[in-house]
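Reading the structure
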Amino acid sequence: MNANQIEQIVKSLQLEPHPEGGFYAETYRSKHVITENALPEEFFGDRNVSTGIYYLLRSGDFSKFHRIKSDELWHHYEGCRLSIHVIHPDGTYDRLKLGKDVANGYAYQHCVPAGAWFAATVDDEESFVLCGCTVAPGFDFSDFELADAAVLIRQFPKHKELIQKLT
């Protein structure tokens, strides 16, 4: 896919630059709300039951390491393969392979658990990936934390090279 086709997708879906990298547009926000007193203690304020976005990354772009307070389910829609790099609170690392190449271990959906640090990279050159992310309880920017490389490296020194590359 050429740059003009990618620009057309960005325009057609009304995608905007995302603070972690790439482009996004919110596509769904549940009208139902979970009150703060019904949520786990790490949440402050009410949350929508669920939210969804489109998320697009081009080759050479990446989603910077960040974490949120909710589980995030990723869905593959179009384009190439994507790697979601997950560092769990105990320091274990997982590479979640998202895409239609199921014969080579990729899947159409993956869940990043709440509280895990994660980043994403496009696996193929001169391509892009369009995916979706569903968050429950619903996403709120007050639940979003972009990683500080130095702090994350101190916490997970064995992942220093990956953290430096994706922060």
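Residues numbered from 1 in each chain as written. Predicted model: local features only at pLDDT ≥ 70, side-chain atom pairs only at ≥ 80, totals over all residues. Heavy atoms only, no water.

All right, on to the sheet that holds strand β7 (residues 71-79) then. Spatially, six strands are ordered β1-β2-β5-β12-β7-β10 in an open sheet, and the strand pairing comes out antiparallel. Two strands bound the open sheet, and with one partner strand each, they are β1 (16-17) and β10 (109-112). Bridge analysis of β7 against strand β12 (residues 128-136) gives eight bridges, and the strand direction is antiparallel. The residue of β12 that forms the bridge with L73 is T134. In the packing of helix α1 (residues 3-12) onto the sheet, contacts are made with β2 (23-29), β5 (51-58), β7 and β12, and the angle to β5 comes to roughly 160°. (Pairing = 2+ DSSP bridges. Helix = DSSP H or I, 4+ residues; strand = E, 2+ residues; numbered from the N terminus. Contact = heavy atoms within 4.5 Å. Axes fitted to C-alpha atoms, helices over the stretch in contact; angles between N-to-C directions.)

Okay, the pattern of salt bridges next. Between side chains of opposite charge, a pair can form as their charged atoms come close. Scanning all chains against the criterion turns up seven salt bridges. Its salt-bridge partner being R81, residue D101 comes within 3.5 Å of it at the nearest N-O pair. Taken together, the positions of D101 in the loop between β9 (93-98) and β10 and R81 in the loop between β7 and β8 (82-87) put the pair 20 residues apart, joining distant regions of the chain. Overall, the relative accessible area of 21% leaves D101 in the partly exposed class. (Salt bridge = Lys/Arg side-chain N within 4 Å of Asp/Glu carboxyl O. Buried < 20%, exposed > 50% of the residue type's maximum accessible area, 1.4 Å probe, protein only.)

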